[in-house]
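Per-entry structural report
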Amino acid sequence: MDWGFPENVSTFGADIDAAYGAIFYATALMFVIVQGLLVYCIIRFRRREGRKAVPIHGNTRLEILWTVVPFFGVMFIAYTSASVWLDIKSPDRMPEDAMELSVTAQQFEWSVTYPGADGQLATADDYSTRNELHIPVDRAVRLTLHAQDVIHSFYLPELRVKQDAVPGMEIPVWLQATATGEYTLGCAELCGLGHYRMRGTVNVYSQQEFDTWAAEEAAIASGAPASLPPVAAR
Amino acid sequence: MSTVALPEYVHHYHDPAHADDRSFVRKYIFSTDHKIIGIQFLFMSLTFLLIGGLLAMLIRWQLGWPGRPLPGGAVLGETRMPGGIMLPEFYNSLMTMHGTIMIFFAVMPLLVGVFANYLIPLQVGAPDMAFPRLNMASFWLAVVSGILMFAGFFVEAGHAAAGWTSYAPLSVVPEYSGVYNGQVLWTVSLIILGFSSLAGAVNYITTIINMRAPGMTLLRLPLPTWALFITSILILLAIPVLTGALILLLFDQVLGTGFFIPEMGGEPLLWQHMFWYFGHPEVYILILPSFGFVSEIIANGARKPVFGYTAMVLALAAIAFLGWIVWGHHMFQSGMNPMLGVGFMATTMVIAVPTAIKVFNWIGTLWQGNLHFHSPMLYSLAFVSMFVIGGFSGVFLASTPVDIPLHDTYFVVAHIHYVLFGGSLFGIFAALTYWFPKMFGRTMNERINKIHFALTFVFFNLTFFPMHELGVNGMLRRVYDYTQYALFQDLVDLNRFISLSAFALFASQLIYAANYIWSLGRGARASANPWRANSLEWTVPSPPPHGNFDSMPVVYRGPYEYSSPESEEDYLPQDAPPAEAPRPEPAPTFA
Amino acid sequence: MSQAAAGAITLYPRRPMPGMGVYNLKLGMWVFLLSEVMFFSSLIGAYIILRFANLDAYAQPGAVLNVPLTAFNTFVLICSSVTMVKGFAALQTGDQRGTRLWLLATVFLGAFFLSVQGIEYYQLASEGFVPSASSYEAEGAAIYGMTFYTLTGFHGAHVTIGVLALIFTSVKAFRGGYTPTKLGGVEIMGLYWHFVDLVWIILFTIVYLI
Ligand code: HEA
Ligand code: HEA
Ligand code: CUA
Ligand SMILES: [Cu+2]
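Anyway, here's the lowdown on the structure attached to this text. (Residues numbered from 1 in each chain as written. Chains lettered and ligands numbered in written order. Predicted model: local features only at pLDDT ≥ 70, side-chain atom pairs only at ≥ 80, totals over all residues. Heavy atoms only, no water.)

What about the overall build of chain A?
Within chain A, the secondary structure is distributed over three helices and 10 strands. Walking chain A from its N terminus toward its C terminus, one meets helices and strands in the order α-α-β-β-β-β-β-β-β-β-β-β-α. The C-alpha atoms of chain A give a radius of gyration of 26 Å, which is well past the 17 Å a tight globule of 234 residues would have. With respect to the principal axes defined by its C-alpha atoms, chain A has extents near 95 × 35 × 35 Å. Out of the 234 residues belonging to chain A, those deemed buried represent 48%. Intrachain contacts of chain A at a sequence separation of at least 6 include 62% that bridge at least 24 residues. Roughly 11200 Å² of accessible area belongs to chain A as shown, and the carbon and sulfur atoms make up 57% of that amount. (Helix = DSSP H or I, 4+ residues; strand = E, 2+ residues; numbered from the N terminus. Rg over C-alpha atoms; globule rule 2.2 N^0.38 Å. Buried < 20%, exposed > 50% of the residue type's maximum accessible area, 1.4 Å probe, protein only. Contact = heavy atoms within 4.5 Å. Areas by Shrake-Rupley, 256 points an atom, 1.4 Å probe, with all protein chains shown as cover.)

Focus on the sheet that holds strand β7 (residues 161-165) of chain A
Residue and element names in this part refer to chain A. As summarised here, the arrangement of the five strands in space is β4-β10-β9-β6-β7, forming an open sheet in which the pairing is mixed. In this open sheet, the two edge strands, each paired with only one partner strand, are β4 (132-136) and β7. Across the sheet, the axes of successive neighbouring strands diverge by a mean angle of 20°, strand direction being ignored. The pairing of strand β9 (residues 181-187) with strand β10 (residues 200-205) spans five bridges and is antiparallel. Along β10, the bridge assignment pairs T184 with T201. (Pairing = 2+ DSSP bridges. Axes fitted to C-alpha atoms, helices over the stretch in contact; angles between N-to-C directions.)

Description of the arrangement of the chains
Among two pairs of chains with at least one contact, chains A and B form the most extensive contact set. There is a clear gap between chain A and chain C: no contact, and 11 Å between their nearest C-alpha atoms.

Side note on the coordination of the iron atom of ligand 2
All names here are of chain B. The coordination sphere of the iron atom of ligand 2 contains the protein donors H98 (NE2) and H417 (NE2), at a distance range of 1.9 to 2.0 Å. Geometry at the iron atom of ligand 2 is octahedral, judged from its six donor atoms and the angles of 87 to 180° they form at the metal. With H98 in helix α4 (residues 88-124) and H417 in helix α15 (residues 410-440), this residue pair connects regions lying 319 residues apart in the sequence. H98 sits in the buried class, given a relative accessible area of 15%. You can call H417 buried: its relative accessible area is 18%. (Donors = N, O, S within 2.8 Å, 3.2 Å for Na, K, Ca; no water. Tetrahedral: all angles 85-135°; square planar, octahedral: opposite > 155°, others 65-115°.)

Some words on the packing of aromatic side chains
The full count for this structure, using the stated rule, is 90 aromatic pairs over all chains. Relative to W213 of chain A, the ring of Y205 of chain A has its centre 6.3 Å away and its plane inclined at 35°; by these criteria the two rings are tilted. Of the two residues examined, Y205 of chain A and W213 of chain A, each falls in the buried class. Between F291 of chain B and W362 of chain B, the aromatic rings sit 5.4 Å apart at their centres with planes inclined by 70°, giving edge-to-face as the arrangement. Here the residue F291 of chain B occupies a position in helix α10 (residues 288-302), and W362 of chain B occupies one in helix α12 (residues 338-366), the gap between them amounting to 71 residues. The pair formed by F291 of chain B and W362 of chain B is uniform in burial state, with each residue classed as buried. In this structure an aromatic cluster arises from ring pairing among Y47, Y58, F113, Y121, F129, Y144, F148, Y149, W200, F204 and Y208 of chain C. (Phe/Tyr/Trp six-rings, centres within 6.5 Å; stacked < 30°, edge-to-face > 60°.)

Some points on the sheet that holds strand β8 (residues 171-175) of chain A
All names here are of chain A. Spatially, five strands are ordered β3-β2-β1-β5-β8 in an open sheet, and the strand pairing comes out mixed. Sheet topology places β3 (127-130) and β8 at the edges, where each strand pairs with a single neighbour. On average, each strand axis in the sheet is tilted by 25° relative to the strand beside it, whichever way the strands run. With seven bridges joining them, strand β1 (residues 99-106) and strand β5 (residues 141-147) adopt parallel strand pairing. Looking across to β5, one finds that A105 is bridged to A147. Those strands touched by helix α3 (residues 207-221) are β1, β2 (109-114) and β3, and its axis lies near 105° from that of β3.

Here's the deal with the site of ligand 2
Residue and element names in this part refer to chain B. For ligand 2, the set of nearby residues contains 37 residues, the closest of which are R60, Y91, H98, H417 and R478. Here an oxygen atom of ligand 2 and a side-chain polar atom of R60 are 2.7 Å apart. Contacts to ligand 2 include R477, whose side-chain N or O atom sits 3.0 Å from an oxygen atom. Those elements that place two or more of their residues in the shell around ligand 2 are α3 (34-64), α4, α15, α16 (446-472) and α17 (492-522). (Near = heavy atom within 4 Å. Polar contact = N/O pair within 3.5 Å; in protein donor to acceptor, adjacent residues only side chain to side chain.)

Describing the coordination of the copper ion (ligand 4)
Four donors placed tetrahedrally around a metal ideally meet at 109.5 degrees, and six donors placed octahedrally ideally meet at 90 or 180 degrees. Residue and element names in this part refer to chain B. Surrounding the copper ion (ligand 4) are the protein donor atoms H280 (ND1), H329 (NE2) and H330 (NE2), at 1.8 to 2.1 Å. For the copper ion (ligand 4), the single-chain donor residues occur in sequence as H-x48-H-H. Separating the copper ion (ligand 4) from the iron atom of ligand 1 is a gap of 4.5 Å.

Written as structure tokens, this is what we have:
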């Protein structure tokens, strides 16, 4: 167990972690101030024989101070968060040359559809995998989320991705992995009995490995033996 | 009853010459006396608090020892825990009902049903609520609703299992959830509870506006009453939205409509918008009353006026207002337009500002005080300290990018419990203890309360603080068996630690329960004003008689004139006539 | 607040104290109506969202719904608000007979409205315009039927409650239960009734005309 987020393997993950860190330090500072003052008051002003409390009713300048300072504090947090957020979630800012995949959630599995050799989704040579997402490293991938029955949530902790898949909606997500390896794919939205086991893996390959894998899958899908020489993916 | 007839009102005041000759049933069961109704709510909601706590213990068993049979658990039956091993469907019901019961049947009625009823007429100087019979209806509707909710555990295919938020379509289509009547009972019960809350809110608002004693201007109201007033407004406006949403949900569940079913043209996100449009004001309904209690008790413990009384009132109002425009922060990852997410983030962040005002004013109230650490004061100080932690985790969640990894993880669970247990429930402990002498004419054992306080404070933190760590590690909430994920397998030890702390936390609550029940019958007799406090409820005997005041009280000053130079004592009741020549009755002004 | 009220009413509690100068029952009714506003807003909001999400599913105004009939019915309901006002005005001047007759007229108009709505529902249903998706046959899609019946149905339920309360009020009026100084029951009945009327005008515009 690490004392922090799972290891990050996505391009924008570092920005998220940095935003988390910034809020952590800001709140840690406020935490020390507030709890420090509390403890100070508790010790310093504890009941003493003969002491009479000073009946102060308030102080307008202090009141203004602790309204204005937190206001700018939180507005700063919101301001810096906004661009990180839009870079990740806004459809207009998603990379244009991304590889397109389609993900469909249903109780209780994920199926990922890949374009076949033509690089186009929704054509005859598409093929798909169950509970496995295979992607090349260092390449932007754009996934369109669908849901068949109830709401699920596409969750890749190491890639810092979480996005609900809602029946009746098509929701785009993009990501770009920075390291090869096997990572977690999970469902983060309560979707029924099997919610807890609606999980799979993300396999991040080097481009070469990915091309090999893709060719094999395409071949299997088209009914040909798997041992054909790799077709250049595009 | 809307007429010139003077006597009607007057005879509500207690006439010591006349014995109270109501029958037992009219006096204690179908009573219209706000104090009895408050106490009825008290016992109902404490029962539900106990049930909600027991459900949490079952949850913690499964999370600490996933799949291990619970000794004796088999008594819960084959459909729940065959051989003591919990089934996933039962886990989902447990988690759903834990949230639902704690929020709707424990904390909300404790804060509002109990204290709005008990305190408002006493603190404003009225003999009873504006509409006593409506008030009685409010309680009995809550009972009906509670029975329906509880009955859900015994219906075929189990109780509701779609979370306390009941996201559609899961909550609508039985084939998806595996739950049939349980889900419908959940909906119907909450619709009925809505009527109960509404009846209450209409009463509280009318009473506070219209039935204040002479001189009780708005800015002389004790802060619990202010907080309950604003809470009532939130209830009044938020509950009908929930009712509207629940009715659509019910139609989908039983009439075959499809408001939330995409195949029929419905919108799953519409449910979320409606639910959270109610839901976020709801979480402020669950905290504002505690803000009020704590303000009262901290001033009393510090023997000082509340620092910045007006700012405190304005902050309450600001929180209540802002609470209406932030609901989208529960839906950042829901597929809602990301630009909207930015707007909701900004409004959510702004709520930290009025909250900061409150926190710093509490500290200002302590400053240069003469702090008496009676147990209500201890609970209140813990409230401030713990609520702030919950507020900080809220700021993490409010940041849209940071919410991506944290949404639907135990970080959110940690946040919930810091604000709801560390906040609301500590406030409730403070209030239950502080007003115990007034309600029952006896005092609780102070030493035992302090032990309870210390144990609760420690085990609360040991239980819930590590949940932040689980959340940051990615552990999902509402998950029956997290060991399914390789990533979470090394979280078992921490979960086990949390479970052990949770059991200890539960056991510590039994100490309080025992003290409470014991003190009801055996506690030392309490005087009228054991805490030497200023507000009007302390000017009448403990417990107050039917009709509360012998005659209409007259108010001369605000409720927090502690350590005033005007008085020899360190307190100065609101109705004590000023020392100099008796002034004329204060002019009836609004505000 | 009406003129008569200002002087006479403030008596439960005894005087206008620091309060609003409105008697409890009336204040309570206002407060309750605020919650009703939120209730109808939530339903109307849902209607608008669903309609925008399914623009093709909603038939043109008049294609399915009988607008002239409902326009006439709207007029009836507005008239009932007028009779309600008349009844209250009569009571303020102590005209018991007037009060009773105007209240009866209001009951009659309210019941008439409900009957027309019943006839409308019956006709629509026989054309296949029904609330549940499984048996839907009319033009547009099922969501149209669901939202239509929910919105108008909840309004109808409010009118029904109103008519029942009006009958109760009338009976009490016939027994001489109200006087110029004891008129709260009629006044709050009027508030509720006007509210229900107002909601209908909004619903009629949104559901039938747009
Ligand atoms: C009593 C109940 C209560 C209260 C008071 C709050 C208060 C707040 N909540 Fe919380 N919240 C819940 C109950 C509550 N919440 C519940 C039950 C859920 C989960 C629902 C579910 O999904 O089941 C939830 C979920 C929730 C989410 C959604 C998380 C997710 O699902 O991903 C978010 C996101 O923004 C959030 C934010 C906040 C914020 C910003 C506050 C703010 O009001 C906090 C403000 C307070 C402070 C900030 C501390 C004091 C301030 C200072 C000392 C000043 C200085 C501070 C700074 C400069 C930072 N809450
Ligand atoms: C006020 C609200 C409240 C309170 C007090 C609690 C208290 C506790 N909660 Fe709960 N919890 C929620 C509100 C609350 N919770 C909500 C809203 C959810 C989300 C549900 C969802 O996802 O849908 C949740 C979810 C939740 C989860 C996550 C489940 C999941 O996602 O799978 C867990 C897991 O550990 C948990 C644990 C606990 C524990 C150990 C306690 C302990 O503190 C319990 C301690 C015991 C008591 C507090 C009872 C003591 C009372 C008495 C003994 C009676 C006293 C009698 C007299 C005085 C006479 N809670
Ligand atoms: Cu799919 Cu949870
Ligand atoms: Cu919220």
